[in-house]
Amino acid sequence: MRRLATAAAAALVASGCLARGMARECDWARVTTVSISPPSLTLARGETARLHVAFIPPRSGSGCPPHPFTFVWSSSDTTVADIDGDGVVSAREPGSVTITVTTSDGPAGTAGVVVRP
């Protein structure tokens, strides 16, 4: 059995993930589907726009708390368009890129961005 930090152990006790004082592996619920809205976008050089992530939230049938997860945004070519951690795309040079958002659970969503002069 793995050791649990005190706060984590308290959360597991409250959620029913500790049995007879011994930790058991939780059946953590995972994000399974991720998409980006809008799925495609056209911007002029210098413009910005916010993309939004949609996902099916983790649900757990085991009584364990939801698995913590994060999103990471990336651009296939940051010289054409870049994206920050909040999903704001900045159009830099004419061309097209794929913006990807990946969860720490693995699933990813993509959106196409075209930058015009």
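Up top is the structure.
What you see is a predicted model, and the numbers here were worked out from it, not measured in a lab.

Caption draft 1: Inspection of the environment of Asp84 at higher detail. Mapped onto the fold, Asp84 is located in the loop between strand E8 (81-83) and strand E9 (88-91). Taking the relative accessible area as the measure of exposure, Asp84 reaches 34% and is therefore partly exposed. Spatially, the C-alpha atom of Asp84 lies 8.0 Å from that of Ser74, the residues being ten residues apart in sequence. Within the structure, the side chain of Asp84 is placed 2.9 Å from the backbone nitrogen of Val88, a separation counted as a polar contact.

Caption draft 2: Here's a closer look at the pattern of salt bridges. Inspection of every chain in the model, using the stated rule, returns two salt bridges. Of the charged contacts in the structure, one is a salt bridge between Glu93 and Arg45, with a shortest N-O distance of 3.3 Å. Taken together, the positions of Glu93 in the loop between E9 and strand E10 (95-103) and Arg45 in the loop between strand E4 (40-44) and strand E5 (48-50) put the pair 48 residues apart, joining distant regions of the chain. According to the relative accessible area criterion, Glu93 is partly exposed, its value standing at 40%. By relative accessible area, Arg45 is classed as partly exposed at 44%. Among the salt bridges present, the one from Asp82 reaches Arg92, with a minimum N-O distance of 3.6 Å. Residue Asp82 is located in strand E8, and its partner Arg92 is located in the loop between E9 and E10; the two are separated by ten residues in the primary sequence. You can call Asp82 partly exposed: its relative accessible area is 27%.

Caption draft 3: Broad picture of the pairing of strand E3 (residues 34-37). Side chains Val34 and Ile36 project from E3 onto a buried face, and the interleaved Ser35 and Ser37 project onto a face without burial. Pairing geometry for E3 and strand E6 (residues 52-55), over four bridges, is antiparallel. Bridge assignment links Ser35 to a residue of E6, and that residue is Ala54.

Rules used in this analysis
Residues numbered from 1 in each chain as written. Predicted model: local features only at pLDDT ≥ 70, side-chain atom pairs only at ≥ 80, totals over all residues. Heavy atoms only, no water. Helix = DSSP H or I, 4+ residues; strand = E, 2+ residues; numbered from the N terminus. Buried < 20%, exposed > 50% of the residue type's maximum accessible area, 1.4 Å probe, protein only. Polar contact = N/O pair within 3.5 Å; in protein donor to acceptor, adjacent residues only side chain to side chain. Salt bridge = Lys/Arg side-chain N within 4 Å of Asp/Glu carboxyl O. Pairing = 2+ DSSP bridges.

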